[in-house]
Amino acid sequence: MEKPLLKLGVLISGRGSNLKALIEAIKNKELNAKICIVISNNPKAYGLRIAETNSIPTKIIEPKQFNSLEEYEKIILNSLNQYQVDLLILAGYMKVLGPTLLKAFPNKIMNIHPSLLPSFRGLHAQKQAIDFGVRCSGCTVHFVNEELDGGPIILQEAVPVLPKDTDDSLSERILVKEHKLYAKAIQLYAEGRLKIKNNKVIITE
Ligand code: GRF
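Calculation notes
- Residues numbered from 1 in each chain as written.
- Predicted model: local features only at pLDDT ≥ 70, side-chain atom pairs only at ≥ 80, totals over all residues.
- Heavy atoms only, no water.
- Axes fitted to C-alpha atoms, helices over the stretch in contact; angles between N-to-C directions.
- Helix = DSSP H or I, 4+ residues; strand = E, 2+ residues; numbered from the N terminus.
- Parallel < 35°, antiparallel > 145°, perpendicular 65-115°, else oblique.
- Left-handed = near helix turned anticlockwise from the far one by under 90°.
- Contact = heavy atoms within 4.5 Å.
- Nonpolar A, V, L, I, M, F, W, Y, C, P; charged D, E, K, R; others polar.
- Pairing = 2+ DSSP bridges.
- Expected span 1.5 Å × (residues − 1).
- Buried < 20%, exposed > 50% of the residue type's maximum accessible area, 1.4 Å probe, protein only.
- Arc of directions from axis to C-beta.
- Near = heavy atom within 4 Å.
- Polar contact = N/O pair within 3.5 Å; in protein donor to acceptor, adjacent residues only side chain to side chain.
- Areas by Shrake-Rupley, 256 points an atom, 1.4 Å probe, with all protein chains shown as cover.
- 1 Å grid on protein atoms, 1.4 Å probe; cavity = no way out; pocket = protein on both sides within 12 Å on 5 of 7 lines; lining within 4 Å.
- Sits in = over half its atoms within 2 Å of the grid points.
- Domains from an automatic or database assignment.

K.L.:
How should I be thinking about the packing of helix α1 (residues 17–27) against helix α2 (residues 46–53) in this particular structure?
P.N.:
A pair of packed helices can be characterised by two numbers: the angle between their axes and the separation between those axes. Where α1 meets α2, the closest approach of the two axes is 9 Å, and the angle between their N-to-C directions is 20°. Classified by the interaxial angle, the pair formed by α1 and α2 is roughly parallel. Of the two elements, α1 crosses α2, and the hand of that crossing is right-handed. Along the contact surface, α1 presents Leu-19, Lys-20 and Ile-23, while α2 presents Gly-47, Ile-50 and Ala-51. Of the residues that constitute the contact of α1 with α2, the class distribution is four nonpolar, one polar and one charged.

K.L.:
Explanation requested: the sheet that holds strand β3 (residues 58–60) in the structure shown.
P.N.:
Backbone hydrogen bonds are what pair the strands of a sheet, in a parallel or an antiparallel way. Pairing is mixed in the open sheet, where seven strands are placed in the order β3-β2-β1-β4-β5-β6-β7. Every interior strand has two partners, whereas the edge strands, β3 and β7 (153–160), have only one. Recorded for the sheet is a direction-independent mean angle of 20° between the axes of neighbouring strands. Pairing between strand β2 (residues 33–40) and β3: three bridges, direction parallel. The residue of β3 that forms the bridge with Ser-40 is Ile-60.

K.L.:
Help me understand the pairing of strand β9 (residues 200–203) in this model?
P.N.:
Regular strands place their side chains on alternate faces of the sheet. Judged from the four bridges that link them, strand β8 (residues 194–197) and β9 form a sheet pairing that is antiparallel. Looking at β9, one finds that Lys-197 is bridged to Lys-200. Hairpin remark: β8 followed by β9, antiparallel, with two residues in the connecting loop; positive phi at Asn-198, about 50°.

K.L.:
What should I look at first to understand helix α3 (residues 69–82) in this one?
P.N.:
Turn by turn, an α-helix covers 3.6 residues, leaving residues three or four places apart pointing in a common direction. For α3, which comprises 14 residues, the first-to-last C-alpha distance of 20 Å matches the rise-based estimate of 20 Å (1.5 Å per residue) to within 8%. Three or more residues of α3 are buried, namely Tyr-72, Glu-73, Ile-76, Leu-77, Ser-79 and Leu-80. End-on, the buried residues of α3 take up no more than an arc of 160°, which puts them together on one face. Tucked into the core, α3 has its buried residues touching β1 (6–12), β2, β3, β4 (87–90) and α4 (99–104). Following α3 by one or two positions, Gln-84 adopts a phi angle in the positive range, close to 50°.

K.L.:
Can you walk me through the site of the ligand in this structure?
P.N.:
Looking at the ligand, the residues that line it are Arg-15, Gly-16, Ser-17, Asn-18, Gly-92, Ile-112, His-113, Pro-114, Leu-175 and Glu-178. Arg-15 is positioned with one of its side-chain polar atoms (N or O) 2.5 Å from an oxygen atom of the ligand. Glu-178 is positioned with one of its side-chain polar atoms (N or O) 2.8 Å from an oxygen atom of the ligand. When the free accessible area of the ligand is taken as 370 Å², the share hidden by the protein chains comes to 86%. When each cavity is represented as a set of grid points, the ligand is found to reside in the largest pocket. Contributions of two or more residues to the shell around the ligand are made by α1, β5 (109–113) and α6 (167–190). Residue composition of the shell around the ligand, by class: three nonpolar, five polar and two charged. Built from parts of two domains, the shell around the ligand gets at least three residues from each of domain 1 (1–105) and domain 2 (111–205).

So, in structure tokens, the structure goes:
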């Protein structure tokens, strides 16, 4: 019997270029999954338009409408459950997750970060790389746990840092790699090939 299609929920806050790349990968059959719902904490996120153009249901859930992170995340969780989401994808979601979502999706949340973790965690990773003077940075897809940008690493891709690079030029070069890497990591998950042992991801054949 064929495996049921992996159901994705995507959390965004902004531009949504990674979301767009995932939509393209699904159309091109490089990724066997379905994006069931896109949720944004920011009503102005351009990613919402991308989802709508592609007939994907969207929801705006703003933290300021709630008294606590727990209440806010419970509402997100209701929507994800409504669509029976299997894997939660953070695609430029600019909020740290709390226990409600982490507990509901143990080892079932992925994030993409624009550096080679564990270097340059947190905000402005590309600027951090330039300021530090590294010759090489890149991007990382990882599972999300309670440690910021600290969960088990799934895939990484290196990108050179050039002498004339600005934050923008480096970000752009990394983004090209991000757009391929995220779909690849999710496809490995869809194929049941990601196992976690001692906080490390093993990719099975
Ligand atoms: C990407 O650089 C991603 O690595 C980081 O946030 C950015 C989101 O960009 N987590 P976009 O909204 O997908 O265009």
